[in-house]
Amino acid sequence: MLSRMFARGGCTMALLLVLGACGGGTAREAPTPAQPTSAPGAPTTLVPAALDTTPAPPTVVVSPTPSPSPQPVATLVPPTVVVSPTPNPLPQPATPLPTASPIQSIAACIPNGAPLPEAPAAPATPAYPDPNRKAPAAPPVSGYEVVKVYPHDRLAWTEGLLFVNGALYEGTGRELGPSTLSRLNIETGAVLQGCELPNNFYGEGVTIFGDAIYQLTWRSHIGFVYDTASFAFRRAWTYPTEGWGLTHDGSHLIMSDGTSTLHFLDPETLEETGRIDAYDENGPVVRLNELEYIHGEIYANVWLTDRIARIDPRTGQVIGWIDLTGLLGLEDRTQRVAELNGIAYDAEHDRLFVTGKLWPKLFEIKLRP
């Protein structure tokens, strides 16, 4: 019995060995994938397939990481939005600005090589007026009514202003560029004619007497004379004080120097022929700036105030004040502006104009008690 069993077992073992040799192995032969060329179609090919699927999630995660690269583009957008609205505060955006003329096209006020006089070696020390000279009573103060508003160059540092033969003339200081002398269309503010001073001169008051334009400079102690029609340079002269405002009374030029003193000059020789000191009930009125001669009175801006003094040209007494407080509204002060400075008078139509440094508007006003 046992011999039969061993005989059968031996046959069975022999049969298994034969089957194994013929490729009919069991799952234990799975380590054969270590030989990559032996069975490309074997079940072991499932392992690489499983590995191929795992990189897919990283590609989803990695792909958003480049998304920060568009962010710099997004951050550049706000500055362009902020810059573009800057012209909006202009009072009449559709109206051409005086600066519409390209700065390159503006001629030089003083030709290269033009002979200029030497400035005084020792400028005059300002004279101190009598502090005890006072008016007997306070002068009346006038208010104002706005008649019309005109555009004004926001970049104009107004130092001189006048209205002659239907045109507005303006001289500017050297705050935001070279000092200039310009003839303007009052309705649009467009520059009709103009020139620039050399950079070493700070332009100040301007007036027209006869066929000549006179322009002061601040601390150079030199004034310039031009032809009214062509703006051609004619000559220069010197004075010992600073130059601030300039006007005339039909016979003499009248010049302020930043103190209470007003100087009278001969328009031909440009020599001083007389002077007065402005005063009111409190004593000397100092810091007289831009000037205009109106109805036998000298109108004078007082630097860093909203007031205009009305001065008797014979005595210097202030016979009235014009208070222009609130003339330029808050809506026009969103950008930089400076003080009230600039008085012009249209004698033919009895119109009074005022403006200020960097103001976007020029105002026609009427005085009210």
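Residues numbered from 1 in each chain as written. Predicted model: local features only at pLDDT ≥ 70, side-chain atom pairs only at ≥ 80, totals over all residues. Heavy atoms only, no water.

Asker: How should I be thinking about the pairing of strand E10 (residues 233–238) in this particular structure?
Answerer: Side-chain direction in a regular strand flips from residue to residue, so the side chains alternate between the two faces of the sheet. The pairing of strand E9 (residues 222–227) with E10 spans five bridges and is antiparallel. Looking across to E10, one finds that Ile222 is bridged to Thr238. (Pairing = 2+ DSSP bridges. Helix = DSSP H or I, 4+ residues; strand = E, 2+ residues; numbered from the N terminus.)

Asker: I tried to follow the environment of Val302 on my own but got confused; where do I start?
Answerer: Relative to the elements of secondary structure, Val302 occurs in strand E18 (residues 297–302). Using a relative accessible area of 7% as the deciding quantity, one classes Val302 as buried. Other than its neighbours up to four places away in sequence, Val302 contacts Val285, Val286, Arg287, Leu288, Arg307, Ala309 and Trp321. (Buried < 20%, exposed > 50% of the residue type's maximum accessible area, 1.4 Å probe, protein only. Contact = heavy atoms within 4.5 Å.)

Asker: What is the right way to look at the state of the cysteines in this model?
Answerer: All chains considered together, the criterion is met by one disulfide. Cys109 shares a disulfide with Cys195; S-S distance 2.0 Å. Between Cys109 and Cys195, the S-S dihedral sits near 95°, and the bridge is therefore right-handed. Remark: Cys195 occurs in strand E6 (residues 191–196) and Cys109 occurs in the loop between strand E1 (107–108) and strand E2 (141–151); sequence separation between them is 86 residues. (Disulfide = S-S within 2.5 Å.)

Asker: I would appreciate a short explanation of the sheet that holds strand E4 (residues 167–172) in the present structure.
Answerer: By definition, the strands of a sheet pair up through backbone hydrogen bonds, in either a parallel or an antiparallel sense. The sheet built from five strands is open, its strands ordered E1-E6-E5-E4-E3 with mixed pairing. Single-partner strands in this sheet number two, and they are E1 and strand E3 (158–164). When E1 meets E6, the two strands line up parallel, connected through two bridges. Along E6, the bridge assignment pairs Ala107 with Cys195.

Asker: I tried to follow the pattern of salt bridges on my own but got confused; where do I start?
Answerer: Charged atoms that come close allow side chains of opposite charge to pair. One pass over the structure, following the stated rule, counts 12 salt bridges. The partner of Glu242 in a salt bridge is Arg219, with the nearest N and O atoms 3.1 Å apart. Separated by 23 residues along the polypeptide, Glu242 in the loop between E10 and strand E11 (246–248) and Arg219 in the loop between strand E8 (212–217) and E9 bring together distant segments of the chain. One continuous salt-bridge network, built from bridges that share partners, spans Glu159, Glu339 and Lys357. (Salt bridge = Lys/Arg side-chain N within 4 Å of Asp/Glu carboxyl O.)

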